[in-house]
Structure formats: structure tokens, C-alpha cells
Amino acid sequence: MRIPEYRKVYVTILDEPIETEKKSRDSMFGYLRGEYKIASDFDAPLEDFKEYM
């Protein structure tokens, strides 16, 4: 890939490799369960927009 002359490129060299833990997609589903609450009427019309409906 050729980088245009007007672009600046910064390169960082690390002495130690960065360790990243890859999680499987299956382990990601449901990890925020119980963190958020959705009201039972979340899709009910809002009074503020009544004139537009």
C-alpha cells in the first residue's frame, strides 16, 4: 500500500509483544445480562411527538 506524501505515519516499536486475549463470539453473548433495564413500554408513542404522528 502506498501512502500519500501529505500523510504522516508514526511507527511504534515495542520491546515486548502485546498479549491480547481473543474471546470466542459465543462467550460474548449475554455478558452484559442484568446491566441494563428496558421499560416494558419502551416502544410506546411519546407525548412530545404526538403532533407529528
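Residues numbered from 1 in each chain as written. Predicted model: local features only at pLDDT ≥ 70, side-chain atom pairs only at ≥ 80, totals over all residues. Heavy atoms only, no water.

Peer 1: Describe in detail the overall build of the protein, supporting the description with residues and values.
Peer 2: Helix and strand counts for the protein come out as one helix and zero strands. Relative to a compact globule of 53 residues, whose C-alpha radius of gyration would be 10 Å, the protein shows 24 Å and is clearly more extended. Counting only C-alpha atoms, the protein reaches 55 × 35 × 20 Å along its principal axes. About 6800 Å² of surface is accessible on the protein, with carbon and sulfur atoms providing 53% of the total. (Helix = DSSP H or I, 4+ residues; strand = E, 2+ residues; numbered from the N terminus. Rg over C-alpha atoms; globule rule 2.2 N^0.38 Å. Areas by Shrake-Rupley, 256 points an atom, 1.4 Å probe, with all protein chains shown as cover.)

Peer 1: Describe the packing of aromatic side chains, with residues and values.
Peer 2: A complete count under the given rule lists one aromatic pair for this structure. Judged by centre distance (6.3 Å) and plane angle (50 degrees), the ring pair of F49 and Y52 falls under tilted. (Phe/Tyr/Trp six-rings, centres within 6.5 Å; stacked < 30°, edge-to-face > 60°.)

Peer 1: Quick one: what's the story with the environment of Y31, residue by residue and with numbers?
Peer 2: If you trace the backbone, Y31 turns up in the segment after α1 (25-28). Given the relative accessible area of 60%, Y31 is considered exposed. (Buried < 20%, exposed > 50% of the residue type's maximum accessible area, 1.4 Å probe, protein only.)

Peer 1: Could you give me a rundown of the environment of D15, with the residues and numbers involved?
Peer 2: Counting through the fold element by element, D15 comes out in the segment before α1. Judged by its relative accessible area of 81%, D15 falls in the exposed class. Each C-alpha atom of the pair D15 and P4 lies 29 Å from the other, and the pair is 11 residues apart in sequence.

Peer 1: Requested: an account of a nonpolar patch on the surface, with residues and values cited.
Peer 2: Nonpolar side chains collect at one region of the surface, where I3, V9, V11 and I13 lie side by side and expose about 430 Å² of accessible area between them. Within the secondary structure, V11 is located in the segment before α1. For V11, a relative accessible area of 68% corresponds to the exposed category. (Patch = residues over 30% accessible without salt bridge, like charges linked within 9 Å, V, L, I, M, F, W, Y side chains within 5 Å. Salt bridge = Lys/Arg side-chain N within 4 Å of Asp/Glu carboxyl O.)

Distances and angles like these do not, on their own, reveal function.
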